[in-house]
Amino acid sequence: MVLRGIITIFLGFFCLSLPVFAQTTSIGPSVEELLVKRELATKSFSSSAIILSRRGELTIDKNGFEKSHFYNAIYIVDETAVKDYSKLTSAFNSYYQEKQIDFARVITPDGKVIEMQEDAITLVSSNNDDYFDEGKQYEFALPQLKAGSIIEYQATTQQIKPYIDKEWFSSISFHFVKFLPSVNWLRIDPVLETINTITLPKETDLAIVNHNIEITPEVTQNANSKTYKWQSKNQPGLVLEMEMPSLDDILPSVHLSTMKQWSTVNNWFNELYLPTQKADSSVEALAATIFKPEMTEFEKVKGVFEYIQKNVRYIGAHVNRGGYQPHLASEVLSQAYGDCKDQTVLIIALLKQADIKAYPAMINTYPGAKFNDDLPMLNFDHMITYVETKTDNYWLDTSGQTGTFPGISLNLEDKKAFVVTEKSGEILTLPATTSADNIATVNIDFSVDETALNARVSLDLVGHVETNLRNFMQFSPNALSAAEQIISPLLFNKRISDFENSDPLDIAKPFTISANFNDVVEITPEIDNFSYSYDFSAILSVFTSLNNLAPVASRQFDFSILQPITVVINSYYPQIWSGAKVGFSQPAKNIENKFFELTHKVDEKSDGVYLTSTFVLPKQVIKVEDYADFYQQVNDFSGHSQSLFVYQKPTKLSVGNIAVGSDTAGKIQQTKSLLESSQFDEALVAIQEVIASDDSNGEAQYLLGLALGFTGDDENSELAFERAEQLGYQF
């Protein structure tokens, strides 16, 4: 199927009643042929739905205008497919195109044809307060859809405005991607056949680039035109996985363009953009209030960014002004709102007042979207600003309301952008951040009153992790619930007593959040030693997506970690009793492998133990053949990420007045008493006697771990703790 531009998924709709249904001759197979294909498909694929035929016919005229017919026939095998395909959509750009549904019908298992009624189709459009989108789509439901039926429908699209005068570009896809709004997911079923033809004037040259497929079109021609025909059979379906590579990196496609040089794109947009930079006193006056003589160029660039973020509301597109045409910079300023290209022209106009060069940059936000240096085309859906100062270069994106300077989101990193310049334009790649650029610092401070242990947890954030949590707090309907989702896992999933956070809308200040936890543990007079423990696997659940990995056997694709992060946890464990000493100290194991690392540094001071733990997860793609190793390392993380510090209450007990028991319970009590009085060698002998007679006693294994640790045998101490945990002993 041939696609123009980017597929947009709409979240909110209003209905437009228009005459959009028209019976037209089908470009697809006959009913009899479809029934034969159904039998062939069931022998070729085991899937709950199969695309029997997917066809497109395009005609391009000498002015670059296209007229197209798109056809799909889908065999519905079971009830799951009935549910997923019960509503279909067909999208288009209403500024550049007109579209109609030629027909939509169901062929029953016995070959009966049931036509869709005209009133079953609706034209819908985005209805978000911040968006006036030119993208529209038809929604339609098919009658009497049952397992064993075949859906077939066809749409005709006519281009009504040029993108770039006398030029054409598009793409061919070989799969049907079905969005499932109820679960926010996609299904991509196998395709028995695709046939795509493009007819254009004989003198028009067409550049072709294949992605993930080796295919050569059949070319025929007559006196006035030439036709390219692509045929493909038996394309397999695709089952999506979490953190897999983007679909554009996996699915086959063919990209087409009549343009020979990127300068064509550059010159076209300059004709639209340069008039927006008309000198205006209001822009000059605003620049005078933003820029101060003592400011550096960096401060000036940041000042413009923050002004736009705070004062020029981002919307998707202006009413009655479509396509790529931006408004005058002065108009954007006076209206105090604009889309991405409008914000860009105002940024450029303001920086011009400071003699700082800035340029529009077109980019595709879709993950994995293809950008071929040798194939000029308008495969873009967003515009940002490229800035050159005397000392550095910056990429600015002000479309995100809560994005801190410079506003570049994670999905734009390491992407190519086309920068529109005074000459022929330039293809540049945006920089990528590292773990050192995205840092979450977690401070966990315990405090002791007379009868309880309390805690305060605070987060200081930098980079994408800051933007993510800022957005999460801003858009969550229940602030307390949102705060608990972030912070409670960092403290044994305890309920928050109270919390506070900075204003998520104030991008000039770093976003912070903190919470208090009261009465975490009750401290009673009977307690003779107190254990602080912490499980660092909470890092995985709060800051990564690694806590719910798919089993190794089911993994089909590489695993992509797109957001690198560093998490630093600073923990303070104070004395429980005055004069108490740390009788046992065992930080969690350092973990260092090729995927991530967790390291610890302990500092024992007179007022308590200070522990700094650092987790580093780089951006990476884990090949499917390495996934088993990665899966095991993540699974082992929780088993090796617990720290333990034991304070002993000051005591005057001596060996002579410690009761000695002959049974297991007596020996265990004796061991506890010996440990509390710092008689570690004697405690080790006592508990080893218990273990010799019953090595399945979880409490005994725990005490053995303490005794071994206190006597310096850390390796066997950890093994004893692991054994105690395996036996179900909680500590």
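Look up: the structure comes first, before these words.
Residues numbered from 1 in each chain as written. Predicted model: local features only at pLDDT ≥ 70, side-chain atom pairs only at ≥ 80, totals over all residues. Heavy atoms only, no water.

Participant: Help me out: how do you make sense of helix H1 (residues 31-44) in this one?
Facilitator: Since there are 3.6 residues in each turn of an α-helix, residues three or four apart along the chain are aligned in direction. The first and last C-alpha atoms of H1 sit 20 Å apart over 14 residues, in line with the 20 Å expected at 1.5 Å per residue. Along H1, the positions that sit buried rather than exposed are Leu34, Lys37, Arg38 and Ala41. With its buried residues spanning 115° around the axis, H1 presents them on a single face. Away from its buried face, by an angle of more than 90 degrees, H1 presents the exposed residues Glu32, Val36 and Lys43. Looking at the buried residues of H1, the elements they touch are strand E3 (49-60), strand E4 (66-76), strand E6 (97-107), strand E10 (150-159) and strand E14 (191-201). (Helix = DSSP H or I, 4+ residues; strand = E, 2+ residues; numbered from the N terminus. Expected span 1.5 Å × (residues − 1). Buried < 20%, exposed > 50% of the residue type's maximum accessible area, 1.4 Å probe, protein only. Arc of directions from axis to C-beta. Contact = heavy atoms within 4.5 Å.)

Participant: Even after reading the chapter, I still don't get empty space enclosed by the protein, so can you show me in this structure?
Facilitator: Sizing a probe to match a water molecule and rolling it over the atoms shows the empty space that remains. Scanning the entire structure with this criterion turns up one cavity of 30 Å³ or more. Taken as a whole, the largest cavity encloses approximately 40 Å³ of empty space. In this structure, the largest cavity is lined by Cys340, Gln343, Thr344, Ile347, Met383, Ile384, Thr385, Leu396, Asp397, Thr398 and Ser399. Broken down by secondary-structure element, the contributors of at least two residues to the lining of the largest cavity are helix H7 (340-352) and strand E22 (382-388). Of all the elements, H7 adds the most residues to the lining of the largest cavity, at four residues. (1 Å grid on protein atoms, 1.4 Å probe; cavity = no way out; pocket = protein on both sides within 12 Å on 5 of 7 lines; lining within 4 Å. Points joined across faces, edges and corners; volume = space filled by probe spheres on them.)

Participant: Even after reading the chapter, I still don't get a nonpolar patch on the surface, so can you show me in this structure?
Facilitator: A cluster of nonpolar side chains, Val183, Trp185 and Met242, forms an exposed patch at the surface whose accessible area comes to about 310 Å². Structurally, Val183 can be placed in the loop between strand E12 (177-180) and strand E13 (185-188). Owing to a relative accessible area of 54%, Val183 belongs among the exposed residues under this scheme. (Patch = residues over 30% accessible without salt bridge, like charges linked within 9 Å, V, L, I, M, F, W, Y side chains within 5 Å. Areas by Shrake-Rupley, 256 points an atom, 1.4 Å probe, with all protein chains shown as cover. Salt bridge = Lys/Arg side-chain N within 4 Å of Asp/Glu carboxyl O.)

Participant: Looking at this structure, I do not really get the environment of Glu413. What am I missing?
Facilitator: Relative to the assigned elements, Glu413 resides in the loop between strand E23 (393-396) and strand E24 (416-419). Each C-alpha atom, one on Glu413 and one on Asp445, is 36 Å from the other, the two residues being 32 residues apart in sequence. Residue contacts for Glu413: discarding those within four places in its chain leaves Leu430, Pro431, Ala432, Thr433, His464 and Lys619. Side chain to side chain, Glu413 and His464 meet in a polar contact 2.5 Å long. (Polar contact = N/O pair within 3.5 Å; in protein donor to acceptor, adjacent residues only side chain to side chain.)

Participant: For this particular structure, what's the right way to read a negative patch on the surface?
Facilitator: On the surface, a cluster of negative charge is contributed by Asp449, Glu450, Asp519 and Glu522. Topologically, Glu522 is positioned in strand E29 (residues 512-522). Residue classification places Glu522 among the exposed positions, given a relative accessible area of 60%. (Lys, Arg positive; Asp, Glu negative; His and termini not counted. Charge placed at Lys NZ, Arg CZ, Asp CG, Glu CD.)

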